[in-house]
Amino acid sequence: MASSTLAVVLSSGGADAVPRRADPRCHTGAVPAVQIILSVLTLIAAGTSAFLVWRANTRATAQREQQARREEWWRRFQYATELALDLDNPHRSNVGVQLVRAMITSSLAGRDELLAADTVLDEVLAPGDTGSNEAEDHDGDHHSTEGD
């Protein structure tokens with residue numbers, strides 16, 4: 001039946017009405033497949049974007065929290081160092097050394113922090129004798145060539 005797809009639409013002009021062909025998509029009620037595919041792709045893109053934003057935000061928050069913990073570790077290390085280097089008060093110095101030793105076991109202590117802690121402990125436990133001259137002489141022997 002062609003009459004259902006070729007509906008005549010009359011304009012509100014009465015006898016002057018001009019017949020024209022109606023848009024067949026308006027009467028079928030079916031959504032084109034392209035529109036469905038675009039809607040699904042839009043939904044997938046929105047979901048993916050939301051997930052990526054959430055993931056980036058979670059990582060940034062974790063990184064800020066880790067940095068804050070490391071800063072607090074450093075603040076406590078500075079205090080422990082001040083105690084350890086108080087050579088006028090052996091009790092405070094001993095407490096500082098114990099704190100520094102406890103702090104070097106923390107996972108927050110990186111390589112540079114461990115080197116700083118070793119330096120503090122070496123200075124406190126062997127005051128006046130840093131061993132730098134002996135180490136330089138010893139290193140000089142290792143690096144000398146046979147022709148010298």
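So, here's what we can say about the structure.

About the thresholds
Residues numbered from 1 in each chain as written. Predicted model: local features only at pLDDT ≥ 70, side-chain atom pairs only at ≥ 80, totals over all residues. Heavy atoms only, no water. Salt bridge = Lys/Arg side-chain N within 4 Å of Asp/Glu carboxyl O. Helix = DSSP H or I, 4+ residues; strand = E, 2+ residues; numbered from the N terminus. Buried < 20%, exposed > 50% of the residue type's maximum accessible area, 1.4 Å probe, protein only. Axes fitted to C-alpha atoms, helices over the stretch in contact; angles between N-to-C directions. Left-handed = near helix turned anticlockwise from the far one by under 90°. Contact = heavy atoms within 4.5 Å. Nonpolar A, V, L, I, M, F, W, Y, C, P; charged D, E, K, R; others polar. Phe/Tyr/Trp six-rings, centres within 6.5 Å; stacked < 30°, edge-to-face > 60°.

1. A closer look at the pattern of salt bridges
As enumerated under the stated definition, the model contains 5 salt bridges in all. Glu72 serves as the salt-bridge partner of Arg76, at 3.1 Å between the closest nitrogen and oxygen. Pair noted here: Arg76 and Glu72 are both in helix H2 (residues 33-84), with a separation of 4 residues, about one helical turn. By relative accessible area, Glu72 is classed as partly exposed at 26%. Across the salt bridge formed by Asp86 and Arg92, the nearest N and O atoms sit 2.9 Å from each other. It is possible to trace a salt-bridge network through shared partners that takes in Glu72, Arg75 and Arg76.

2. Here we look at the packing of H2 against helix H3 (residues 90-103)
One can describe the packing of H2 onto H3 by two numbers: an axis separation of 6 Å at closest approach and a directional angle of 150 degrees. Between H2 and H3 lies a crossing whose hand is left-handed. Side by side, H2 and H3 meet where Trp73, Arg76, Phe77, Ala80, Thr81, Leu83 and Ala84 of the first sit next to Arg92, Ser93, Val95, Gly96, Val97, Leu99, Val100 and Met103 of the second. Its residues assigned to classes, the contact of H2 with H3 comprises 10 nonpolar, 3 polar and 2 charged.

3. Description of the packing of aromatic side chains
Taken as a whole and assessed by the stated rule, the structure comprises 4 aromatic pairs. Arranged with centres 5.9 Å apart and planes meeting at 35 degrees, the rings of Phe51 and Trp54 form a pair that is tilted. With Phe51 and Trp54 both in helix H2, this residue pair falls 3 residues apart, about one helical turn. Residue Trp54 is classed as exposed on the basis of its relative accessible area of 54%. Summarising the aromatic geometry, the rings of Trp73 and Phe77 are spaced 5.2 Å apart at their centres and angled 5 degrees between planes, so their arrangement reads as stacked.

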